[in-house]
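Here is what each chain is made of, one letter per residue.
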Amino acid sequence: MRLERRHEVSRGALLLAPVGAVAFTLLVAALLVLWAGAPVARTYGLLLAGGFGSVFAWSETLTRAIPLILTGLAATVAFKAKLFNIGAEGQLYAGAIAAVAVGGMHGGTGLEWPVWLLFPLMMLAAAAAGALLLLGPALMKNKLGVDEVVTTLLFNFIMLLAVGALLDGPMKDPLAMGWPQSVALQSDLELSKLIAQTRVHTGLLWGLVLAVLVWAIFRYTVLGFDIRALGANARGAAFAGVPVTRTVVLTALLSGALAGLAGAIEVAGRTSYVTLDMSPNYGYAGIVIAMLAGLHPLGVVASAVFVAGVLVGADSMSRAVGVPTYIADVIVATALLAVLVATLLTQYRVRK
């Protein structure tokens, strides 16, 4: 048995690959539901209803999708250039802590600057923090050949430990009664609600605009062409005149900045402060979302809403039929593996 590269990749196969991967994932999850002794049809019905069956369900799904859109875009940008950024989780926390450092109520007052100046500075600080956290591993890969999968993954743990030290030290909220959380963001810097009486905030508009912007970069700019060329064949791109080092640096800065903005928007739109459990692995889920979207920036939005709906729907489903909420994690993880295999089979055929 061997894999043989196909001479032509069918566009229809590329479009059907994520659909087939999702169908396979649901089949695997159905077996686990049966093993748990629950009816499959009712379980999936409750899962869909919990994520998409009402205005409240949609509001919770869209709220959960906002950081997932941004981490999915971060993974998409990096993976397009074959820069395997596994560190979006750490970059998200770096952005969140940087946002609070600029816009937080330090000493009960914070920086007494006008909101029109402080808000963009807060967002720039978050983007810069995420970008710089990825820049090091990107340069180590480009100059020294160090595997960026290892370095970006390890930076996640380093960043979480650093955030933990800050939450128990200089950035600890004195009003939190000993609970390890940062000082709160100034109320004037919080994002407004997009839909009244829900948790959906204007961070959703940020995600949509950034998805269109990333798509436009890939489609219409020289940088987008260089990123795609570098991902297709790094040696060929260098031979053709693509500035490899500059492209790697810009890719790392853009990818890390998107993940850092995810942290800032989550703080400004939902939590108002940083805790170590602020992100239920949004950074890692972004990888799944990017792969489900076929590394298409606009597809990331749909993938993020799908994954968010599964995660939100699992909570209500679990209470009704007794299936553990971890089934949502199984669905997300299996979807990643399935889409990788499906994508591989669109580019290769199995030969005996």
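Predicted model only: the values in this text are computed from it and were never measured.

Calculation notes
- Residues numbered from 1 in each chain as written.
- Predicted model: local features only at pLDDT ≥ 70, side-chain atom pairs only at ≥ 80, totals over all residues.
- Heavy atoms only, no water.
- Buried < 20%, exposed > 50% of the residue type's maximum accessible area, 1.4 Å probe, protein only.
- Helix = DSSP H or I, 4+ residues; strand = E, 2+ residues; numbered from the N terminus.
- Contact = heavy atoms within 4.5 Å.
- pLDDT = per-residue confidence, 0-100.
- Polar contact = N/O pair within 3.5 Å; in protein donor to acceptor, adjacent residues only side chain to side chain.

Asker: Looking at this structure, I do not really get helix α8 (residues 222-232). What am I missing?
Answerer: Of the positions making up α8, those classed as buried are Gly224, Asp226, Ile227, Ala229, Leu230 and Gly231. Buried positions along α8 lie against α3 (55-80), α7 (203-220), α9 (234-239) and α10 (244-271).

Asker: I would appreciate a short explanation of unusual backbone geometry in the present structure.
Answerer: A negative phi angle is the norm for most residues apart from glycine, just as the trans form is the norm for most peptide bonds. One non-glycine residue, lysine 82, lies in positive phi territory at about 60°. Counting through the fold element by element, lysine 82 comes out in the loop between α3 and α4 (88-103). Judged by its relative accessible area of 40%, lysine 82 falls in the partly exposed class. A positive phi is found at serine 272, a non-glycine position, where the angle reads about 75°. Take serine 272: it is sitting in the loop between α10 and α11 (282-292).

Asker: So what exactly am I meant to see when it comes to the confidence of the model for the protein here?
Answerer: The predicted coordinates of low-pLDDT regions are not to be read in fine detail. In the predicted model, the protein carries a mean pLDDT of 90, and 100% of its residues have values of at least 70. When mean pLDDT is taken per element in the protein, α7 scores highest with 96 and strand β1 (residues 2-5) scores lowest with 77.

Asker: Would you explain the side chain of glutamate 148 in this entry?
Answerer: Residue position: glutamate 148 is located in helix α6 (residues 148-167). Take glutamate 148: its relative accessible area is 5%, and that puts it in the buried class. Engagement of the side chain of glutamate 148 in a polar contact is seen with the side chain of lysine 141, the distance being 3.3 Å. Excluding its chain neighbours within four sequence positions, the residues that come into contact with glutamate 148 are Lys82, Leu83, Phe84, Pro137, Lys141 and Leu153.

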